[in-house]
Amino acid sequence: RLNHDIRFLDNACSDNRASGVSFEGTIGGSAYRNRLTRTGVAGIRIASQKSYNTGPVRNILLKDNILSQVKIRPEVDHAAIMIFSTLGTVRDITLLRTTIANPIASIGTRIFAHTPGTATVSDITVSGLRYTGANRMPRACFKISSDVARVKLRENSLNDAPCEAH
């Protein structure tokens, strides 16, 4: 089963064990102007996961969201934003003008496909992400695995310095 046309608009989410915004098994979705604070895992998660048997994800637009102190659970290996697949296809994801302030995670955004040939991630655009951090977090803006196809990164910054993928 798939979700269709899911919208997260103008919400505030804080002090929870999960993500503030999550798209899994979703065709068509948007998240605009949300404020996510002290989430347990990634503030934003876009995924097709084998462990939850969630279907493909495509055509998702996220913009003007503010994340603060996200990923507070130390036992979970998440970045502030996660875009990944361990099952199906994740594609056509656009992330615009998002601020990530003082994340607990050492990586700002992590993008990967865990099962090559089966799980695919492609056509990802990230533009205007602004990472600001005290205590030297995040240490890297992006961690993108080599099996991810067609990623466009534009005008992203870490403490006002341009940032690149690692």
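Look a little higher up for the structure.
Computed from a predicted structure; not experimentally measured.

The rules behind each value
Residues numbered from 1 in each chain as written. Predicted model: local features only at pLDDT ≥ 70, side-chain atom pairs only at ≥ 80, totals over all residues. Heavy atoms only, no water. Pairing = 2+ DSSP bridges. Helix = DSSP H or I, 4+ residues; strand = E, 2+ residues; numbered from the N terminus. Axes fitted to C-alpha atoms, helices over the stretch in contact; angles between N-to-C directions. Salt bridge = Lys/Arg side-chain N within 4 Å of Asp/Glu carboxyl O. Buried < 20%, exposed > 50% of the residue type's maximum accessible area, 1.4 Å probe, protein only. Disulfide = S-S within 2.5 Å. Core = buried A, V, L, I, M, F, W, Y, C linked by side-chain atoms within 4.5 Å. Contact = heavy atoms within 4.5 Å.

Student: Talk me through the sheet that holds strand 1 (residues 3–9); I want residue IDs and the actual numbers.
Tutor: Across the sheet, six strands lie side by side as 1-4-7-10-13-16; this open sheet has parallel pairing. Sheet topology places strand 1 and strand 16 (149–154) at the edges, where each strand pairs with a single neighbour. Averaged over neighbouring strand pairs, the angle between their axes works out to 5° when direction is ignored. Where strand 13 (residues 120–127) and strand 16 come together, five bridges link them in parallel fashion. Bridging from a neighbouring strand, Val126 pairs with Leu153 of strand 16.

Student: So what's going on with the sheet that holds strand 15 (residues 140–144)? Residues and values would help.
Tutor: Pairing between the strands of a sheet is mediated by backbone hydrogen bonds and can be parallel or antiparallel. Read from one edge of the open sheet, five strands run 3-6-9-12-15, paired in parallel fashion. Here the strands that pair on one side only, and so sit at the sheet edges, are strand 3 (21–24) and strand 15. For this sheet, the mean angle separating the axes of adjacent strands, direction not counted, is 5°. Both strand 12 (residues 107–113) and strand 15 contribute to a ladder of four bridges, which runs parallel. Paired with Thr109 across the bridge in strand 15 is Phe142.

Student: Residue-level account of the pattern of salt bridges, with values.
Tutor: Any two side chains of opposite charge can pair, on the condition that their charged atoms come close. Counted under the stated rule, the structure contains eight salt bridges. Glu75 is the salt-bridge partner of Arg73, the closest N and O atoms lying 3.0 Å from each other. When its relative accessible area of 19% is taken as the criterion, Arg73 is described as buried. According to the relative accessible area criterion, Glu75 is exposed, its value standing at 54%. Measuring nitrogen to oxygen at the nearest pair gives 2.7 Å for the salt bridge that ties Arg150 to Asp123. Of this pair, Arg150 sits in strand 16 while Asp123 sits in strand 13, and the two are 27 residues apart along the sequence.

Student: How would you summarise the state of the cysteines if you had to cite specific residues and measurements?
Tutor: Using the criterion set out here, one finds one disulfide in the structure. Here Cys141 connects covalently by a disulfide to Cys163, the sulfurs 2.4 Å from one another. Across the S-S bond linking Cys141 and Cys163, the dihedral sits near -110°, which makes this disulfide left-handed. One end of the pair, Cys141, is in strand 15; the other, Cys163, is in the segment after strand 18 (161–162), with 22 residues separating them in the sequence. Residues Cys141 and Cys163 agree in their burial class; the two are buried.

Student: Describe the pairing of strand 13, naming the residues involved and giving the relevant values.
Tutor: With six of eight residues buried, strand 13 lies mostly within the body of the structure. Examined bridge by bridge, strand 10 (residues 89–96) and strand 13 share seven bridges and lie parallel to one another. Within strand 13, the residue paired with Thr94 across the bridge is Thr125.

Student: Go over the nonpolar core, please, and point to the residues and values.
Tutor: Counting residues in each nonpolar core, the largest one holds 30 residues, and the members touching the most others are Ile46, Leu62, Ile83 and Ile93. If you list the elements that add at least two residues to this core, you get strand 3, strand 6 (44–48), strand 7 (57–63), strand 9 (81–85), strand 10, strand 12, strand 13 and strand 15. Residues in contact with Ile46, not counting those within four places in the same chain, are Phe23, Val57, Ile60, Leu62, Met82, Ile83, Phe84, Val90 and Ile93. Ala42, Ala47, Ala79 and Phe112 belong to the second-largest nonpolar core, a separate cluster that totals eight residues.

From the geometry alone we can't say anything about function, so treat these as descriptive.
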